[in-house]
Amino acid sequence: MVFRNDALAGRHIVISGGCGAIGLGIVKKLMAHGASITVNDILTDQQAADRLSENGIDLSRINYVKADLTDTDETDMLVKTARERFGPIHVALCHIGMVIPKPLLEYRADEWDETMAVNVRTAFLLGSVASRSMLEDGIKGHLIFTTSWVADVPWPEIGPYNASKAAMKQLMRSFARELADKGIRANAVAPGIVSVGLAKQQWDTDPTYRARAQKAIPLGVMQPLDSVADAFLFLCSAAADYMTGTVLLVDGGCSLYPMDDA
Ligand SMILES: NC(=O)c1ccc[n+]([C@@H]2O[C@H](COP(=O)([O-])OP(=O)(O)OC[C@H]3O[C@@H](n4cnc5c(N)ncnc54)[C@H](O)[C@@H]3O)[C@@H](O)[C@H]2O)c1
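Novice: I'm lost on the site of the ligand in this one. Help?
Specialist: Taken together, 28 residues lie around the ligand, and I22, D41, D68, Y161 and L198 are the ones closest in. Within the contact set of the ligand, an oxygen atom lies 2.9 Å away from a backbone nitrogen or oxygen of I22. At 3.5 Å, a backbone N or O of A199 approaches a nitrogen atom of the ligand. In isolation the ligand offers 830 Å² of accessible surface; the protein chains occlude 90% of this area. Those elements giving two or more residues to the shell around the ligand turn out to be α1 (21-32), β2 (36-41), α5 (159-179) and α6 (198-205). Of the residues belonging to the shell around the ligand, the class tally is 14 nonpolar, eleven polar and three charged.

Spelled out as structure tokens, the structure:
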């Protein structure tokens, strides 16, 4: 996608889980278009510095903040530190995610709780704290949630993950509904089966998953990281200024197939 390389100039974007496989691609793309980025993750400062620089990210141009966003105090600290470094926050990307692949009937209650805490609670906390900061700073800001095509199509053997992504979708729509009159928008990016990160890990280690996934992508190839990053670039840009409450589905057609065929 071609956007001017100053398309995001002057925008301060915070991304949670930004040192993950997809997060790194998003950070690079948004930086290349002029944004100031605060990157959050749970990695130590050294681990994050290593991962970011191995991926060609200029550490002097970003602000890394280690924080566990299941925790309210750490979420407050992230937003405070971000504002101190780069000023008011214009966009918050609620991007953290995890999955425990196993059949639904084998899931333990603590695994359900962990999935909901890491995927949904972190999105609620960052979305809320970032919105309050936008209101205080007089910013017409934007929350962007990373959901998934499985928010609507139940992929087998990741049931609680499917449910968490559906919850994030409705959380996003609730933020959009309640905050529209205050000038704050909320949207989501729903990727498909991406060639890095959580899906790639399953693809590489689980033959059943791989066989299923190979039949489930109408466009025929795992989703390129750049296609996910481009969706974020578009949503973060002024081109998306009239969008709120929307899911931008970028899944290579995965959600077109009835699951019986997959
Ligand atoms: N990979 C895919 O195919 C795919 C498809 C659709 C949606 N997604 C979504 O994209 C997002 C990123 O996925 P990924 O594949 O890059 O995964 P990933 O595991 O590489 O990245 C997730 C990052 O979140 C961080 N994190 C976990 N818990 C945290 C916490 N409590 N506080 C702060 N950071 C925390 C991890 O350290 C990690 O760096 C997730 O929301 C995932 O559900 C992924």
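There's more to say after this.
Novice: What is the right way to read the nonpolar core from this model?
Specialist: Nonpolar side chains tend to gather and get buried jointly when the protein is soluble and globular. Formed by 34 residues in total, the largest nonpolar core has its most connected members in L78, L126, M134, L143, F145, F175 and A186. Secondary structure elements with two or more residues in this core: α3 (72-86), β4 (91-94), α4 (109-137), β5 (142-146), α5 and β6 (185-191). For this core, the leading source of residues is α4, giving eight residues. What F175 contacts, discounting residues up to four positions off in sequence, is F124, G127, S128, S131, L143, F145, A180 and A186. Within the second largest apolar cluster, 32 residues are counted, among which are I22, M31, A231 and L235.

What counts and how
Residues numbered from 1 in each chain as written. Predicted model: local features only at pLDDT ≥ 70, side-chain atom pairs only at ≥ 80, totals over all residues. Heavy atoms only, no water. Near = heavy atom within 4 Å. Polar contact = N/O pair within 3.5 Å; in protein donor to acceptor, adjacent residues only side chain to side chain. Areas by Shrake-Rupley, 256 points an atom, 1.4 Å probe, with all protein chains shown as cover. Helix = DSSP H or I, 4+ residues; strand = E, 2+ residues; numbered from the N terminus. Nonpolar A, V, L, I, M, F, W, Y, C, P; charged D, E, K, R; others polar. Core = buried A, V, L, I, M, F, W, Y, C linked by side-chain atoms within 4.5 Å. Buried < 20%, exposed > 50% of the residue type's maximum accessible area, 1.4 Å probe, protein only. Contact = heavy atoms within 4.5 Å.

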